[in-house]
Amino acid sequence: MPPISRRTAIKAFGATLGAAAFARALAPLSNYQEGMSAEEFIQNHYKELSDEDMLKVLKRLEAETLKEYGAEVSIKDVKPMDGVQFGYALNLSVCIGCRKCAEACHKENNHDRATNNSYIRVMEMKQGSMDLEHGRAIYEDAVPEPGKYYMPVQCQQCDNPPCVHVCPVEATWKEKDGIVVVDYNWCIGCRYCEAACPYHARRFNWARPEIPAEEVNPVQAYLANRIRPQGVVEKCHFCLHRTREGRLPACLEACPTGARVFGNLLDPNSEIRWVLANKRVFVLKEELGTHPRFFYYFDE
Amino acid sequence: MSDTQHAVSYPRFLLHSFIAATDGSRAFYAWMTFLTALMLVGANAWAHQVVEGMALTGMTDHVSWGLYIANFTFLVGLAAGAVMMVIPAYLYDDHEMHDVVIIGELLAVAALVMCLGFVLADLGRPDRFWHMIPGLGRLNWPISMLTWDMIVLNGYLLINAHIAGYLLYTRFLGKKPNPRWYLPFVFLSIAWAVSIHTVTAFLYSGLGGRPFWNTAILAPRFLASAFVSGPAFVIVTLQIIRKLSDFKFGNGPIMTLLKVMRVTVLLNLFLLAAELFTIFYTGGSHVAAAQYLFFGLHGKSGLVPWIWTAIALNTIAAVMLLAPRAKTHMTWLNVACVITFVGVWIEKGMGLIIPGFIPSTLHEIVEYSPSLVEWKIMVGLWALGLMIYTVLLKIAIPILTDQVKVDTK
Ligand code: SF4
Ligand code: SF4
């Protein structure tokens, strides 16, 4: 070992200084770590949680919501029912573009208030054209406007969902009733699914959602409308916390014109089956082979 | 040499490497301090981004990938482009190239670390990166192209680190390397270099809903530009090394790389032209994004100056590289290489990623420009890459010039 020279001493000093500076630069991360529990960090994928684990996770999530948002909520894990395949249909002849559905979605799903987020985007389209290039999503004039029709777009719950294929960690998948869901505690926030979705149906939490405690919808489910963490992707889940218990999606209940039809595609007596059998139905971007479960139709 | 001797000499090798990497002239310390300062800026910006969220970036749900993924894509090319030294050195037995090939392999190592850094910077939840580790997480393999990309990038990193490390170690011992321990990896690395950029292209071209990317020549285009930017960077590096260190070598490797670039720079422009022909002559759904990129659409034209700058740079570079002067005037050549490098960085970075999102899938036009935080993180990661590359070269050059050898005292 050579004796410690002046040069070595200076180098050691420099290295210490550098390391200290890095510690300073990264200091904000300690806030981040504080807000996160060890259980959250090591939590397993949804499909790997036993019933017991799930109960613990739900309790923890409820406690976190109370602590961070001041809201008492109940979070359940609602499973798909047997013999049910959900489908949605929308009558473009009666939709007036009022965006009541988008507003209901915003509230039902505990979306961030500041960004006015919603899973639904209503396109104002030129009559006679199905080309989205001749539409716009932002319009402030009175509706319905002559010469226009309105096309709400939300997750099409594709039967062949590109968003699911691209996810590197299986944080998003198709459930057996056809609903494509996201495990908000498994998603790494790469946004590949957002790039892959042809319908602009996915939303990323660019920041922590802000909602006043009194506006939080307390009826929540793990894969549905619970308040999402920052840095993960979310999407329309056909209000599975309602529909899997026999109720209707919030957007449908809010629609003043009855443009929306929701139901079980396997039930031959359902209204949605009647629409599919008797109307001229089409799906968006059929050529991409995504096989949507969201159907559009016009009255003749 | 027996295992016990390795047990002694390998730690020595590491110690010498450590000394070589931390010892140097005043200029070296100044350079490292400068890079450290830039890294600090980047690290701090990243810490804020993690805590406050990706809202600090300029990205939106409409343009959900930006500067980070643009740099990532370009750097995969830079890593793959280094193979343009490996092929002449090993496949064509170009001896002069053989002497310096390690400079390319080390570049690949540094570029790949940067790639992984940019992916990490782009994650909304970097604390969950372990979900991608096989065994611990749930890797969606073989369906997701992103998992393929992670596997091939890490594999390429390991292959190059192994080849370079093995060759340096044997040289340090003063022994002839055993071809069994590196030649198979060299040939593997050639195929692997092609695969990393092909898989990265498939990441985009596999998305049916994004017509701008959904084209079969995306992978060939990626490779062509990789084989332009890689040699460009190496030529300049070789000239700097020749000037600043005791590592002396002839013009041979530089001339070989110039020959490569004279072909690839034209090939790159040709493939771009082929793409543009299909887009603009056919029209249809493909045209809107290209229209936005080259001419602006509905009054929005954020990328137009970028892309025309890139095209101008690439064209000027092609002319400069093809000029006879490029062979004789080294400054001329260096300028041409820098121009090429910047041109490809724009074209295969922002020029490729952003138009994929504009117009959006519902034909909305939401523009993107990177925020200050994104620029800072980018600069920090480039500084990190340059620091890694500098350190690796500092270790390699004394060994390659036989200034550092094993001593058994
Ligand atoms: S519409 Fe988009 S988010 Fe919904 S299933 Fe299809 S690809 Fe996935
Ligand atoms: S953002 Fe989340 S859900 Fe989407 S692909 Fe990445 S990890 Fe999967």
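Residues numbered from 1 in each chain as written. Chains lettered and ligands numbered in written order. Predicted model: local features only at pLDDT ≥ 70, side-chain atom pairs only at ≥ 80, totals over all residues. Heavy atoms only, no water.

Enquirer: How should I be thinking about the overall build of chain B in this particular structure?
Expert: Across its full length, chain B carries 15 helices and zero strands. For chain B, whose C-alpha radius of gyration is 22 Å, the value lies close to the compact-globule estimate of 22 Å for 409 residues. Viewed in the frame of its principal axes, chain B has a C-alpha envelope of about 75 × 55 × 40 Å. Taken across its 409 residues, chain B has 59% of its residues classed as buried. Look at the contacts in chain B between residues 6 or more apart in sequence, and 77% of them connect residues 24 or more apart. (Helix = DSSP H or I, 4+ residues; strand = E, 2+ residues; numbered from the N terminus. Rg over C-alpha atoms; globule rule 2.2 N^0.38 Å. Buried < 20%, exposed > 50% of the residue type's maximum accessible area, 1.4 Å probe, protein only. Contact = heavy atoms within 4.5 Å.)

Enquirer: How should the overall build of chain A be read in this particular structure?
Expert: For chain A, the count of helices and strands is 10 helices and 13 strands. Relative to its full complement of 300 residues, chain A shows a buried share of 55%. By sequence separation, contacts in chain A at least 24 residues apart represent 66% of the contacts at least 6 residues apart. Charge separation in chain A, taken as the distance between the mean sites of 37 positive and 40 negative side-chain charges, equals 5 Å. (Lys, Arg positive; Asp, Glu negative; His and termini not counted. Charge placed at Lys NZ, Arg CZ, Asp CG, Glu CD.)

Enquirer: Quick question: what am I supposed to make of the interface of chain B and chain A here?
Expert: Interfaces are often described in size by the accessible area the parts lose on coming together. Across the boundary between the two partners, chain B contributes 55 residues, which contact 59 residues of chain A. Between chain B and chain A the total buried area reaches about 5100 Å² when both faces are included, carbon and sulfur atoms providing 58% of it. When residues of chain B are sorted by the area they lose upon contact with chain A, B:D61, B:R138 and B:L362 head the list and together hold 17% of the total. On the surface where chain B and chain A come into contact, there are seven salt bridges. A salt bridge links B:D23 to A:R7, with the shortest nitrogen-to-oxygen separation between them at 3.0 Å. Put simply, chain B and chain A have 35 residue pairs in polar contact (both at pLDDT 80 or more) between them. Within the residue set of the side of chain B that touches chain A, elements represented by two or more residues are helix 2 (26–52), helix 6 (145–173) and helix 7 (179–205) of chain B. The dominant element in the side of chain B that touches chain A, judged by the number of residues it contributes, is helix 2 of chain B, at 12 residues. Looking at the side of chain B that touches chain A residue by residue, the classes come out as 25 nonpolar, 20 polar and 10 charged. (Buried area = accessible area lost by both parts, 1.4 Å probe. Salt bridge = Lys/Arg side-chain N within 4 Å of Asp/Glu carboxyl O. Polar contact = N/O pair within 3.5 Å; in protein donor to acceptor, adjacent residues only side chain to side chain. Nonpolar A, V, L, I, M, F, W, Y, C, P; charged D, E, K, R; others polar.)

Enquirer: What's the story with the packing of helix 8 (residues 218–244) of chain B against helix 13 (residues 330–347) of chain B in this structure? I'm lost.
Expert: To describe two helices that pack against each other, one gives the angle between their axes and the distance between the axes. Residue and element names in this part refer to chain B. Interaxial distance between helix 8 and helix 13 falls to 9 Å at its minimum, and their mutual angle equals 140 degrees. Remark: the crossing between helix 8 and helix 13 carries left-handed chirality. The residues of helix 13 that touch helix 8, namely those facing R221, S225, V228, S229, A232, F233, I235, V236 and Q239, are M330, L333, N334, C337, V338, T340, F341, V344 and E347. Per-class residue counts for the contact of helix 8 with helix 13 are 11 nonpolar, five polar and two charged. (Axes fitted to C-alpha atoms, helices over the stretch in contact; angles between N-to-C directions. Left-handed = near helix turned anticlockwise from the far one by under 90°.)

Enquirer: Would you mind going over the site of ligand 2 with me for this structure?
Expert: In the neighbourhood of ligand 2, 13 residues make up the surrounding shell, with A:C167, A:C187, A:C190, A:R191 and A:C193 lying closest. When grouped by side-chain class, the residues that make up the shell around ligand 2 number nine nonpolar, two polar and two charged. (Near = heavy atom within 4 Å.)

Enquirer: Hey, could you run me through the site of ligand 1 in this one?
Expert: Ligand 1 sits among 14 residues. The nearest are A:C155, A:Q156, A:C158, A:C163 and A:C197. For the shell around ligand 1, the per-class residue count stands at 10 nonpolar, two polar and two charged.

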